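# Analysis of the macromolecular model
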Amino acid sequence: MADALIEVENLCVSFAAEHGRLLRAVDDVTFQVAEGEVVGLVGESGCGKTTIAKCIAGRVAPSAGTVRFEGRQLGLKRATKDRRAIQMVFQDPYSSLNPRMTIRQVLSELLRVHRLVARADLEERCVQLMALVGLPSDALDGLPSQFSGGQRQRIAIARALAVEPRVIIADEPVSALDVSVQTTILRLFEDLRSRLGLTVLFISHNLAVVRHLSDRVAVMYLGRIVEEGDRESVFRDPRHPYTRALLASAPRLHQIELVRPTVKGEPPSPIDIPTGCSFHPRCPRATEVCTSDTPRLERVRTSAVHFAACHFRDETSPEAVQGP
Amino acid sequence: MTPILEVEGLVVEMTRHGVAFRAVDDASFSLERGGALAIVGESGCGKSLTLRAIMGLLPSGGRVASGRVVVDGVTLDTAAGGRGRGHSQRQRMSIVFQDALSALNPVATVGNQIAEAPRHVLGFGRSASRQRALELLRLVGIPDPERRYRAYPHELSGGTRQRVMIAIALSSDPAILLCDEPTTALDVTIQTQILALLAELRAERGLSLVLVTHDLGVVSQVAERLAVMYTGRLVETGPTGAVLATPRHPYTAGLLAAAPNVDAPEYEPLAIPGSLPDPLRLPSGCTFHPRCRFATPECATTDVRLEPVGPDHEAACLHSDELATTRAAGNRG
């Protein structure tokens, strides 16, 4: 792998829960994102993917572990240039834009505060940013309420790009959008990546979207990464039963037969994480050892770049997910 | 056999800033006894309002301007909240909403909420309705029903809450279950479980289903009939397999092409150009024409209606044949 731009090492985040108990949102997570890479972070609600994003962006303090950017450790307090280097785009473009500010005000405020362009060039830069995200320059005079969901998401992306970041963390950026609009935003991410060489951490519960966009994928369950690898290894030959279940449950257009659920029950509360492998109560493959020994994220035998946290990671999938 | 549900020429009017517009415009469809129909479309297309109009639960400002809803041969009084003719027919239908947390009563135990209809609608005694609620909790796959009976909605996970909603919907012993995005708020592994539950209820209890969703991937698993809506109008209806394999309306084809494919990362999803029109300023003629690559000048002036395009398959498009040949050619290449 090329030099890592972002290194997350043994990251743990706990929050205080009721009755003095601890909620472990993120539990010993380690991964890297290389320069120019798109890494997809996948998992269901409450698995800790957003918390990881917030740690990297400096919005949440880790309880343990480190986040490094270009080899330097970053905490909550960051130099302005480090802050600018990592920007977030959120799921809901409705609530992440100030409803009383025109788009020009939003962008020029950022550009002025960060002294990114000379006053005389403000307007030109605003127009450039609009063009970058595929919006006409007269959109600058609009208020957020005058735009559709897809357009607002473009504006949110333009705002993130205004401070010239190296990394964009996109947290479910297309989940609130209709399918016909989703595609245009995915295209925009592809385009920005090839034009600006952006590094992207793309968080989503939608496997189809992640498979389409990412170079590498990490799958999370209850605060841990349970599988990680290059996109095709993970999707073609998933080694963790949870990844297999996710793939089997992904909506498919021509799936006429009902998908039989392979996974029992629901994820347990992150306050009460099961012993051993936290997936064992729902796992179709679980045995005695899974209830006591926590499997570590380890390399699968057949690949140098594919890792899974399962005692049976070297068994090939019994019900391999078939393509169409 | 007569269909269990028939909707004919349904027009729902809503108002925005004091201006009335047709949020559902002349929708007609029917549902066979024990059948399942999915209504698909993007946000604001009128799919949820169609369900609410059938149920008599239109939001304030909305009204059924014309059209008929016929349940089991009896025409319902379609005025919102109508208690007139067809009241007992309406009781043969139940609705399940997307967001179970806001649809459930936060200060009543789930058991009491499920027991309410048996006690007050079906006239069961206190212990009989409790028994019935416990049975329903078991039926929808909630483990340890005795304990869950006493739980409040906030104590339950999203998946369990949706199961409780379904139990409540079933408690009045309906023949038709209307589901408004029942799995949209749920994680995929839970979604699979809920879809399996709906299929099971259909098979075992002969329930008829109307499922409203934006997710074509959910549709194909559950419903054998599909209706596609755009700007309040039905643009295509037919057997699910046929519509998905050979869509005859460019909007349906566009929706299908827009979704990334989890099994084929090399597939480049194609966006539908333009955006959804403002319901107060709908384009003339076929409302899809400004976004359609098959559009000709006639599309802006002709009022297109659903026309047969195949066995049991209808589309509202002047160019549905052209679409079929283009797609066939595309598939060969």
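As the structure is a prediction and not an experimental result, all values here were calculated from the model.

## Quick look at the overall build of chain B
For chain B, the helix and strand inventory stands at 13 helices and twelve strands. Here chain B has a C-alpha radius of gyration of 21 Å; the compact-globule value for 333 residues is 20 Å, and the two agree. Looking at chain B residue by residue over its 333 residues, the buried ones come to 48%. Once local pairs closer than 6 in sequence are excluded, the contacts in chain B between residues at least 24 apart make up 61%.

## A few points about the interface of chain A and chain B
Tallying the contact residues gives 37 residues for chain A and 40 residues for chain B. Those elements that place two or more of their residues in the side of chain A that touches chain B are helix H6 (179-196), helix H7 (207-213) and helix H9 (241-249) of chain A. The biggest single contributor to the side of chain A that touches chain B is H6 of chain A, with seven residues. Residue composition of the side of chain A that touches chain B, by class: 16 nonpolar, 13 polar and eight charged.

## Observations regarding the sheet that holds strand S4 (residues 64-69) of chain A
Residues and elements named next belong to chain A. What the four strands build is an open sheet, ordered S2-S1-S4-S5; its pairing is antiparallel. Two strands bound the open sheet, and with one partner strand each, they are strand S2 (22-34) and strand S5 (72-74). Neighbour to neighbour, the strand axes of the sheet diverge by 30 degrees on average, direction disregarded. Bridge count between strand S1 (residues 4-16) and S4: five bridges; the pairing is antiparallel. Bridged to Cys-12 within S4 is Ala-64.

## Comments concerning the sheet that holds strand S8 (residues 208-213) of chain B
Two modes of strand pairing occur in sheets, parallel and antiparallel, and in both the strands are linked by backbone hydrogen bonds. All names here are of chain B. Strand order across the open sheet formed by eight strands is S6-S7-S8-S3-S9-S10-S12-S11, with mixed pairing between neighbours. Looking along the sheet, the strands with just one partner apiece sit at the ends: strand S6 (93-96) and strand S11 (307-310). In this sheet, neighbouring strand axes are inclined to one another by 20 degrees on average, regardless of whether the strands run parallel or antiparallel. With four bridges joining them, strand S3 (residues 36-40) and strand S9 (residues 225-230) adopt parallel strand pairing. Its bridge partner being in S9, Val-40 is matched across the sheet by Val-228. Sitting on the sheet, helix H7 (residues 158-171) touches S6 and strand S7 (176-180), and the angle it makes with S6 is about 170 degrees.

## Overview of the domain arrangement of chain B
All names here are of chain B. By the assigned domains, chain B splits into domain 1 (1-92 + 175-333) and domain 2 (105-173). A separation of 31 Å is found between the C-alpha centroids of domain 1 and domain 2. If you look at the interface, domain 1 gives nine residues, while domain 2 gives nine residues.

## Concerning the pairing of S4 of chain A
Residue and element names in this part refer to chain A. Pairing geometry for S4 and S5, over three bridges, is antiparallel. Within S5, the position partnered with Val-67 by the bridge is Leu-74. If you look at the hairpin formed by S4 and S5, you'll find two residues sitting between the two strands, and Glu-70 has a positive phi there, around 50 degrees.

## A word on the environment of Cys-55 of chain A
You can see Cys-55 of chain A is positioned in helix H1 (residues 49-57). For the pair Cys-55 of chain A and Ser-148 of chain A, spaced 93 residues apart in sequence, the C-alpha separation works out to 30 Å.

## Structural notes on the pairing of strand S8 (residues 199-204) of chain A
Residues and elements named next belong to chain A. Most of S8 is tucked away, with six of its six residues classed as buried. Side chains Thr-199, Leu-201 and Ile-203 of S8 all project onto a buried face; the interleaved residues Val-200, Phe-202 and Ser-204 project onto the opposite face, where all are buried too. Both strand S3 (residues 38-42) and S8 contribute to a ladder of five bridges, which runs parallel. Counterpart to Gly-40 in the pairing with S8 is Phe-202.

## Re the nonpolar core
Grouped together as the largest cluster of nonpolar side chains are 191 residues, with contacts concentrated most on Ile-56, Leu-201, Phe-202 and Val-219 of chain A together with Val-210 of chain B. Summarising the domain contributions, this core has at least three residues from each of domain 1 (1-92 + 175-333) and domain 2 (105-173) of chain B. With near-sequence residues (within four places) excluded, Leu-201 of chain A lies in contact with Val-33, Val-39, Leu-41, Ala-53, Ile-56, Val-167 and Ile-169 of chain A.

## What about the packing of helix H5 (residues 126-139) of chain B against H7 of chain B?
Residues and elements named next belong to chain B. Packing of H5 against H7 brings their axes to within 9 Å, and their N-to-C directions diverge by 130 degrees. Taken together, H5 and H7 sit at an angle that is classed as oblique. Crossing geometry of H5 relative to H7 is assigned as right-handed. Along its contact with H5, which presents Arg-132, Ala-133, Leu-136 and Leu-137, the element H7 presents Ala-167, Leu-170 and Ser-171.

## With respect to the confidence of the model for chain B
The predicted model of chain B averages 90 in pLDDT, with 95% of residues at 70 or higher. In the predicted assembly, ipTM is 0.83 and pTM is 0.88.

Conventions adopted
Residues numbered from 1 in each chain as written. Chains lettered and ligands numbered in written order. Predicted model: local features only at pLDDT ≥ 70, side-chain atom pairs only at ≥ 80, totals over all residues. Helix = DSSP H or I, 4+ residues; strand = E, 2+ residues; numbered from the N terminus. Rg over C-alpha atoms; globule rule 2.2 N^0.38 Å. Buried ≥ 20, exposed ≤ 12 C-beta atoms within 10 Å, placed from the backbone. Contact = placed C-beta atoms within 7 Å. Nonpolar A, V, L, I, M, F, W, Y, C, P; charged D, E, K, R; others polar. Pairing = 2+ DSSP bridges. Axes fitted to C-alpha atoms, helices over the stretch in contact; angles between N-to-C directions. Domains from an automatic or database assignment. Core = buried A, V, L, I, M, F, W, Y, C linked by C-beta atoms within 7 Å. Parallel < 35°, antiparallel > 145°, perpendicular 65-115°, else oblique. Left-handed = near helix turned anticlockwise from the far one by under 90°. pLDDT = per-residue confidence, 0-100.

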